[in-house]
Amino acid sequence: MSQPFRLPGGGRIDRSKPLSVTFNGKRLEGYRGDTIASMLLASGSHLAGRSFKYHRPRGILTHGSDEPNALLSVDWRPEKGAGRRDPNNRASVVEARDGLSVSTQNHWPSLETDIGVVNDLLAPVFVAGFYYKTFMWPRSFWDKVYEPVIRRAAGLGEAPEVPDADRYANRHAHCDVLVVGAGPAGLSAALAASEDGSKRVMLADEGFALGGSLLQDVTSKIDGQSAAEWVEAAVAKLDARENVVILPRTTVFGYYNHNHVAMVERVSDHLDEARDGLARERLWQVRAGQVVLATGSHERPLVFENNDRPGIMLAESMRAFVNRYAVAPGRSLVVATSSASAYRAALDAKAAGIATRIVDIRLEQDCGPELAQARSAGIEVLTGHTVIKALGGKRVKGLVVAPLGNGGAIGTRRTLDCDCVGMSGGWTPSVHLFSQSRGKLAFDAELDAFLPGQSAQAEISAGACHGVYDLKAVIEDGAKAGGGNITVEATASFTGFQPVRVLPTDVDPGKVRAFIDFQNDVTAKDIKLAVREGFTSIEHVKRYTTTGMATDQGKTSNMNALGLVAGVLDRPLPSVGTTTFRPPYTPVSFGALVGPARDELFDPVRKTPIDAWAEANGAAFEPVSLWRRAWYFPKAGEDMHAAVQRECKAVRTSVGIFDASTLGKIEVVGPDAAEFMNRIYTNAWSKLKVGGCRYGLMLREDGFVYDDGVVARLAEDRFHVTTTTGGAPRVMAHMEDYLQTEWPDLDVFLTSITEQYAVIALQGPNARKVLEPFVTDIDLSEEAFPHMAVREGYICGVPTRLFRVSFTGEAGFEVNVPADYAESVWKALYEHGKQFGITPYGTETMHVLRCEMGFIIVGQETDGTATPDDLGLSGLVSKVKTDFVGKRSLTRPDITAEGRKQLVGLLTKNGQEVLDEGAQIVADPSAQVPMPMLGHVTSSYFSSNCGRSIAMAMVKNGRARMGETLWVTTPSGFTEAVVAPAVFHQVQGAKADA
Amino acid sequence: MLEVNLARRTPAIRPAAVASAGPIRIAPETGEGRLSFRAKAKALGGREDVAGFAVDGAINSRKSDGDTASLRLGPDEWLFICPEGDIDDAMSAIERAMDGAAHSLVDVSHRDVTFTVSGQNADAVINAGCPLDLSLDRFPVGTASRTVFGKSDIVLARVGHHDFRVTTWRSFAPYVHGLLLDAAKDYAG
Amino acid sequence: MLLIRCPYCGERPEVEFHCGGEAHIARPDTPAEMTDADWASFLYYRTNPKGLHAERWVHNHGCGRWFNALRDTVTDAFVQTYEMGAPRPDAGNASSTATKAA
Ligand SMILES: [Zn+2]
């Protein structure tokens, strides 16, 4: 394809840099500075997509990000392979670059011939609320029939089929003033704001060129300069100021609390060569002292029959294609308008040598000076005319117009042949970001628009988004918003429009397809039907008809929809209300939102100092909170079950070695440390001797078990507290909360030492023999170092806090060593332990061994509603202390009531059967559904040490049910189990506390 | 009797991993000893230092003196830094200096890992994951604060215009390191 | 993301903080002497006002300190933050009847 519709001169394209892209497999030519839309028009085609519901052919409606029709799937770097294609890019803003591969969407088999167009013929059934009315019954049809059909027929674009291959960056930034939009108001605001060199100013614009509406302005003069010169000078000035950051290609898409603004910068899609590692997009999170919104306005389409035919575009967009992109959108143009501004488009097109006529809905006497100017330029203007319909299918061929007579009479039709129509129904200020900032909108009847009213944040709107349309006023308004005060001379703009919602017609409006929302295929008829059916709030009309709910958020359609609803209801427009605008302003890629948080940077994967050894020795791992822990150590040919049974046996018969480093550890230090412990734990601590350990139980104020762990007293004023792995952060926070807010008088300090010490557990009858040769300065004899004691000394020459504790019931030690030494200490113990058959074991074996002993795991046996008594741990609750966190709650009526669930053991009748954890327990499986449930299984394993399966459960009145047979759910039904004490194994020989 | 002095250090991030992306240098610090020191104002009695570690700095400041430094992270919280070989002596000296006044001193040398992040745009690299305003007047040289970097807690200190120290817990170090290296790619060109 | 002024560190982004619910609900000195109803009220009952709300925040990813804040629950505006133990700044208008600062 060549460029038959490229104008010979002018435009802001770089004719020295020709380029080509692939469009639906064909070559499309253009220049640097083009968009895909302008290249398509230069080729002579308007056809850019099929509509969402009816698959009607659609053209390019706009030149900006409000484009509803021309959505493209773009492969940004086809030469680099898969993973660089994304859907729903607007042709009107995709910056042309050599080598892009783009395709239109929503059609099959091709854009030219789309089978889905039969939907258009079925339009009478696809009315408003069609989905709600049609797909209600039968339920089974939904999954099997309706949904798959609709999915294939509808949908905007295709989801990428492989992971995104690009890198996305994230950046937090701060500034004193953030200016959104670099049109005349925004540039003027940024200039004023940055005058003071100490103020940090950021200027962001979604376009790749700065200037906004001035980019297509070839006639205005500003202080004697052309619009282009003024923009160039302004940008140069800003660029030279060190306190200004200019961000083109950057869309401000979210305006959050306290001037926290999110924007996405397209970093490299436009670059011919993007170096390795350069991000594709960057998410900016900006905290601004002041935000200046200079976001411009959106032109409204006119609503008439077939107003969606390709070749029909917005008038200002027609002007942009002619002036900015040097493209003739057609050979014979008609500008249809109720707005003065469209005359500028007609005049510019005429000046570019394109045949142009104007149809103005307004009566002659309602027009301004634009009318005389157009006529004196030789443009035929029909005032007081309505547009009945557009002719043509895949391209507009003509416009049927008719004069408006007195009392709504419509005169004789006339057909204006044309191949392109520029329409304008007036302007809607872009108040999306203002609305997102929670500012209150106020309706201005004069401007027929919602304007920014009461601000909720340090924010100010300027220019067209503020309802200011005249160029001179826009520039001055911008300067004022930026904290300046200037006067400029500028060419007067053609402003003012007459709001029309749906153009008058001489045919039955109920038979007319006049589109309000192009992207979601909502017609004027649909909206009228919704109102007739009783939907009178715009929020309801929106949801019922889906108007304004497409990816363009109804930028071009909202006011027409609102006005139509108000008209049908015969109510003033503000009483209908306006819909709420929510982020994002335009669609944002998931890549930008995710940023670097993917793959190994998705979440921190916390590894212990012994993790590398475990990995080298074949460990299988499991995640426990953010940690990855060795789960079991399979030998060749072993499955998990076999490995765990072998590990369990080894610990009970000789010695096992276990990495317990993830246990939370808190050093509690200070003269009031014991008093603090007394208040936080259920147990009493004052009498615990230095060198002693105690199992501690911690409640929340509501009396439920919060955490547990062994606590060692290292000195009168120093405790080494351990917590569960997952509970470490919340236990620390819980303690700090009480210390700071309830007991600030206590002299105690908490320091997390979870990661200072790695913990190597040696468990089993031979544990001491493995340990002995390496320990200095500690007497390991039974008498000197009994169960539940702690000693400080050295192991392998490095300092250790050595605990004589057991979570297995066997004699055991937990060796705390500074983390960097852990791997070599572990290796030394392991090598020496080989003569005893030392066996590394993982969390699964740890779980089985503790279950054999009936030891609970907080978070497994407990669910935040278990009291110490429920767990059979009343013995750990001090009767002497008058108060501790949670004590008062233990005597609340609900806590002491009969029928609470209590921890018990469960033994299946068939010892080989292992219950499911979480399985429900009932007394009578034949009871009527819903049957009364007694509780659930909390832990369940096969125990080779017991030669059978074992389980723990929380069961209503469990302790009174010893010996009772209950029924437990299985995937296929129920199985019998007998209630038993939750202790399954008797340790032989040298027990933990022998 | 087996050889007892056989333990060797295995740091969380090997110093060989001085992977730097272009002009930004990102390297783990080695040989740093760290002490968490806590004391309330009444226990400090207005003194300027404890055994040579400054305790008179403002909250969120870092004072350094030769090869030691004191980071004040909260009203009653400091992180003291000294060469790792000096830790035992420093702890004894601090205990002596406090002379029974209420305080807490805990060795956290192995808990934490510190990275140097230096070079032009080092601030921007840190701002890839840290939401603080790192302009020189808001976060001047000599500032130190606990904050966040991506999904990790860090202690961030500015020791020069383009020179930062990022300290995190040991198990978060690979993540922090990875995120720093990733962010530095933006400034490699 | 809110911007919150920590009394110790100055303005910091919300991500560094954690909210701890309604402020000025002191833990009773002698829980054992309280009726079940009073204890339940202390445990579970909160005012949940529309408008100014005194609430507890902790700068957990910063200085680690708890403090109190007056926040407007309608606009999310922080009217004031103040140290733990200080009385509610607008105590005259406050509905809270707590006497012990906590
Ligand atoms: Zn703070």
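Going by the annotation in an unreviewed UniProt entry, the name recorded for chain B is Sarcosine oxidase subunit gamma, with Fulvimarina manganoxydans given as the source organism.

Under an unreviewed UniProt entry, chain A has the name Sarcosine oxidase subunit alpha and belongs to Fulvimarina manganoxydans. According to the UniProt record, the Sequence similarities (unreviewed entry) comment for chain A reads "Belongs to the GcvT family."

The next subject is helix α19 (residues 673–680) of chain A. Residues and elements named next belong to chain A. Most of α19 is tucked away: six of the eight residues are buried. Those residues of α19 lying buried are Ala673, Ala674, Phe676, Met677, Asn678 and Ile680. Considering only its buried residues, α19 is in contact with β34 (664–669), β35 (693–699), β36 (705–715), β37 (718–723), α20 (728–742) and β38 (749–752).

Next up on the list: the interface of chain C and chain A. Facing 30 residues of chain C, the contacting portion of chain A comprises 23 residues. The contact between chain C and chain A buries some 2200 Å² in all, and 44% of this surface belongs to carbon and sulfur atoms. Linking chain C with chain A are five salt bridges, by the criterion used here. Its salt-bridge partner being arginine 27 of chain C, residue aspartate 883 of chain A comes within 2.8 Å of it at the nearest N-O pair. At the boundary of chain C and chain A, one finds 20 residue pairs in polar contact (both at pLDDT 80 or more). Ranked by residue count, the leading element in the side of chain C that touches chain A is helix α1 (residues 36–44) of chain C, at six residues. Of the residues assigned to the side of chain C that touches chain A, the class counts are 20 nonpolar, three polar and seven charged.

Right, let's talk about the confidence of the model for chain B for a bit. For chain B, mean pLDDT is 93; residues scoring 70 or higher make up 92% of the total. Under the prediction, the complex receives an ipTM of 0.96, its pTM being 0.94.

Another aspect to go through is the side chain of glutamate 459 of chain A. Residue and element names in this part refer to chain A. The residue glutamate 459 is located in strand β28 (residues 459–461) in this model. Although glutamate 459 lies buried, it forms no salt bridge, and the closest oppositely charged side chain, lysine 440, sits 12 Å away as judged by the N-O distance. A distance of 2.5 Å separates the side chain of glutamate 459 from the side chain of serine 455, its partner in a polar contact. Here the side chain of glutamate 459 touches serine 461 through a polar contact of 3.3 Å, side chain to side chain. When sequence neighbours within four positions are dropped, the list of residues in contact with glutamate 459 reads Tyr255, Gln290, Val291, Leu293 and Phe434.

Our next topic: the pairing of strand β1 (residues 14–23) of chain A. Residues and elements named next belong to chain A. Pairing between β1 and strand β2 (residues 26–32): seven bridges, direction antiparallel. Across the sheet, aspartate 14 pairs through a bridge with arginine 32, a residue of β2. As consecutive antiparallel partners, β1 and β2 are separated by two residues, and within that stretch asparagine 24 has a phi angle of approximately 50 degrees, a positive value. Here two bridges tie β1 to strand β7 (residues 101–104), and the two strands are oriented parallel to one another. Its bridge partner lying in β7, phenylalanine 23 is registered against valine 102.

Attention shifts here to a nonpolar patch on the surface. A cluster of nonpolar side chains, Phe590, Leu593 and Val594 of chain A, forms an exposed patch at the surface whose accessible area comes to about 330 Å². Considering the arrangement of structural elements, one finds phenylalanine 590 of chain A in helix α16 (residues 590–594).

Looking now at the packing of helix α5 (residues 184–194) of chain A against helix α11 (residues 471–481) of chain A. Residues and elements named next belong to chain A. At a minimum axis distance of 7 Å, the contact between α5 and α11 shows a crossing angle of 35 degrees. The chirality of how α5 crosses α11 is right-handed. Contacts between α5 and α11 involve Pro184, Ala185, Ser188, Ala189 and Ala192 from the first element and Leu471, Val474, Ile475, Gly478 and Ala479 from the second. Across the contact of α5 with α11, the residue classes tally to eight nonpolar, two polar and no charged.

Below, the discussion takes up a negative patch on the surface. All names here are of chain B. The grouping of Asp65, Asp67, Asp86, Asp88 and Asp89 at the surface amounts to a negative patch. In this fold, aspartate 89 is placed in helix α2 (residues 87–98). Relative accessible area serves as the criterion here: at 58%, aspartate 89 is assigned to the exposed category.

With that settled, the discussion passes to helix α12 (residues 524–532) of chain A. All buried positions along α12 of chain A are accounted for by Ala524, Asp526, Ile527, Leu529, Ala530 and Val531 of chain A. Just downstream of α12 of chain A, glycine 534 of chain A is the residue with a positive phi angle, here 110 degrees.

Right, let's talk about the coordination of the zinc ion for a bit. Reference values for angles at a metal are 109.5 degrees in the four-donor tetrahedral case and 90 or 180 degrees in the six-donor octahedral case. Residues and elements named next belong to chain C. The protein atoms that coordinate the zinc ion are Cys6 (SG), Cys9 (SG), His59 (ND1) and Cys63 (SG), at distances of 2.0 to 2.3 Å. Relative to the metal, the four donor atoms surrounding the zinc ion lie at angles of 105 to 116 degrees, and the coordination shape comes out tetrahedral. In the primary structure, the donors to the zinc ion are separated according to the pattern C-x2-C-x49-H-x3-C. Of this pair, cysteine 9 sits in the loop between β1 (3–6) and β2 (10–13) while histidine 59 sits in the loop between β4 (52–58) and β5 (66–72); the two residues are 50 residues apart in sequence, bridging distant segments of the chain. Under the relative-accessibility criterion, histidine 59 is labelled buried at 0%.

So, about the pairing of strand β21 (residues 385–391) of chain A. Residues and elements named next belong to chain A. Of all the seven residues making up β21, five are buried; the element is thus mostly covered by neighbouring parts of the structure. As judged from the six bridges shared by β21 and strand β22 (residues 398–403), these two strands associate in the antiparallel manner. Looking at β22, one finds that threonine 386 is bridged to alanine 402. Hairpin connection of β21 to β22: six residues between the antiparallel strands, including glycine 392 at a positive phi of 105 degrees.

What follows concerns the nonpolar core. Taken as a class, soluble globular proteins show a tendency for nonpolar side chains to be buried jointly. Residue and element names in this part refer to chain A. Core analysis: the biggest nonpolar cluster contains 52 residues, and Ile36, Ile60, Leu100, Tyr343 and Ile358 have the highest contact counts within it. Of all the secondary structure elements, the ones that give two or more residues to this core are β1, β2, α1 (36–42), β5 (71–75), α7 (315–323), β18 (332–337), α8 (342–351) and α9 (369–376). Viewed by domain, this core spans two of them, domain 1 (14–132) and domain 3 (301–425), each represented by three or more residues. Those residues within four positions of isoleucine 358 in sequence are excluded, and the remaining contacts are Val335, Thr337, Tyr343, Ala346, Ala374, Ile379, Glu380, Val381 and Leu382. Residues Ile610, Val655, Val825 and Leu829 belong to the second largest nonpolar core, which totals 36 residues.

Take the domain arrangement of chain B next. All names here are of chain B. You can read the domains of chain B as domain 1 (27–110) and domain 2 (111–189). The straight-line distance from the C-alpha centre of domain 1 to that of domain 2 is 22 Å. Residue-level contacts link 16 residues of domain 1 with 16 residues of domain 2. Taken together, both faces of the contact between domain 1 and domain 2 bury some 1400 Å²; the carbon and sulfur share is 47%. Linking domain 1 to domain 2 there are two salt bridges.

A word on the sheet that holds strand β46 (residues 920–922) of chain A. Residue and element names in this part refer to chain A. The sheet built from six strands closes into a barrel, its strands ordered β45-β48-β47-β46-β49-β50 with antiparallel pairing. The sheet shows a mean angle of 45 degrees between the axes of neighbouring strands, taken without regard to direction. The pairing of strand β45 (residues 901–908) with strand β50 (residues 973–980) spans four bridges and is antiparallel. When the sheet's bridge partners are listed, glycine 905 is paired in β50 with alanine 980.

If you check UniProt for "domain: FAD/NAD(P)-binding" (unreviewed entry), the listed places come out as residues 176–437 of chain A in our numbering. With 22% helix and 34% strand, residues 176–437 of chain A has end C-alpha atoms that lie 17 Å from one another.

All names here are of chain B. Across the sheet, five strands lie side by side as β1-β9-β12-β11-β10; this open sheet has antiparallel pairing. Either end of the sheet is taken by a strand with one partner, and the two such strands are β1 (25–28) and β10 (144–149). The mean inter-strand angle of the sheet, taken between neighbouring strand axes irrespective of direction, is 30 degrees. Of the pairings in the sheet, the one linking strand β11 (residues 152–160) to strand β12 (residues 163–169) comprises five bridges and is antiparallel in character. Counted as the bridge partner of glycine 160 is aspartate 163 from β12. The strands touched by helix α4 (residues 173–184) within the sheet are β1, β9 (112–118), β10, β11 and β12, with β9 carrying the most contacts at an inclination of about 10 degrees.

Our focus in this paragraph is the interface of chain B and chain A. Contacts between the two partners involve 53 residues from chain B and, on the opposite side, 56 residues from chain A. Between chain B and chain A, a total of about 4500 Å² is buried, with carbon and sulfur atoms accounting for 52% of that surface. Counting the surface chain B buries against chain A, the share from its top three residues, His110, Ser171 and Asp186 of chain B, is 13%. Our enumeration of links across chain B and chain A arrives at nine salt bridges. Between aspartate 603 of chain A and lysine 151 of chain B there is a salt bridge, with the nearest N and O atoms lying 3.4 Å from each other.

The next thing to look at is the pattern of salt bridges. One pass over the full model with this rule turns up 81 salt bridges over all chains. With a closest N to O distance of 2.8 Å, glutamate 782 of chain A and arginine 768 of chain A form a salt bridge. With glutamate 782 of chain A in the loop between β40 (775–776) and β41 (789–795) and arginine 768 of chain A in helix α21 (residues 767–771), this residue pair connects regions lying 14 residues apart in the sequence. Look at glutamate 782 of chain A and you get partly exposed, because its relative accessible area is 24%. Arginine 768 of chain A sits in the partly exposed class, given a relative accessible area of 22%. Note that arginine 71 of chain C and aspartate 76 of chain C form a salt bridge whose closest N and O atoms lie 2.5 Å from each other. Given the relative accessible area of 14%, aspartate 76 of chain C is considered buried.

Cut-off values and rules
- Residues numbered from 1 in each chain as written.
- Chains lettered and ligands numbered in written order.
- Predicted model: local features only at pLDDT ≥ 70, side-chain atom pairs only at ≥ 80, totals over all residues.
- Heavy atoms only, no water.
- UniProt positions renumbered as here; feature names shortened; annotations may be inferred.
- Buried < 20%, exposed > 50% of the residue type's maximum accessible area, 1.4 Å probe, protein only.
- Helix = DSSP H or I, 4+ residues; strand = E, 2+ residues; numbered from the N terminus.
- Contact = heavy atoms within 4.5 Å.
- Buried area = accessible area lost by both parts, 1.4 Å probe.
- Salt bridge = Lys/Arg side-chain N within 4 Å of Asp/Glu carboxyl O.
- Polar contact = N/O pair within 3.5 Å; in protein donor to acceptor, adjacent residues only side chain to side chain.
- Nonpolar A, V, L, I, M, F, W, Y, C, P; charged D, E, K, R; others polar.
- pLDDT = per-residue confidence, 0-100.
- Lys, Arg positive; Asp, Glu negative; His and termini not counted.
- Pairing = 2+ DSSP bridges.
- Patch = residues over 30% accessible without salt bridge, like charges linked within 9 Å, V, L, I, M, F, W, Y side chains within 5 Å.
- Areas by Shrake-Rupley, 256 points an atom, 1.4 Å probe, with all protein chains shown as cover.
- Axes fitted to C-alpha atoms, helices over the stretch in contact; angles between N-to-C directions.
- Left-handed = near helix turned anticlockwise from the far one by under 90°.
- Charge placed at Lys NZ, Arg CZ, Asp CG, Glu CD.
- Donors = N, O, S within 2.8 Å, 3.2 Å for Na, K, Ca; no water.
- Tetrahedral: all angles 85-135°; square planar, octahedral: opposite > 155°, others 65-115°.
- Core = buried A, V, L, I, M, F, W, Y, C linked by side-chain atoms within 4.5 Å.
- Domains from an automatic or database assignment.

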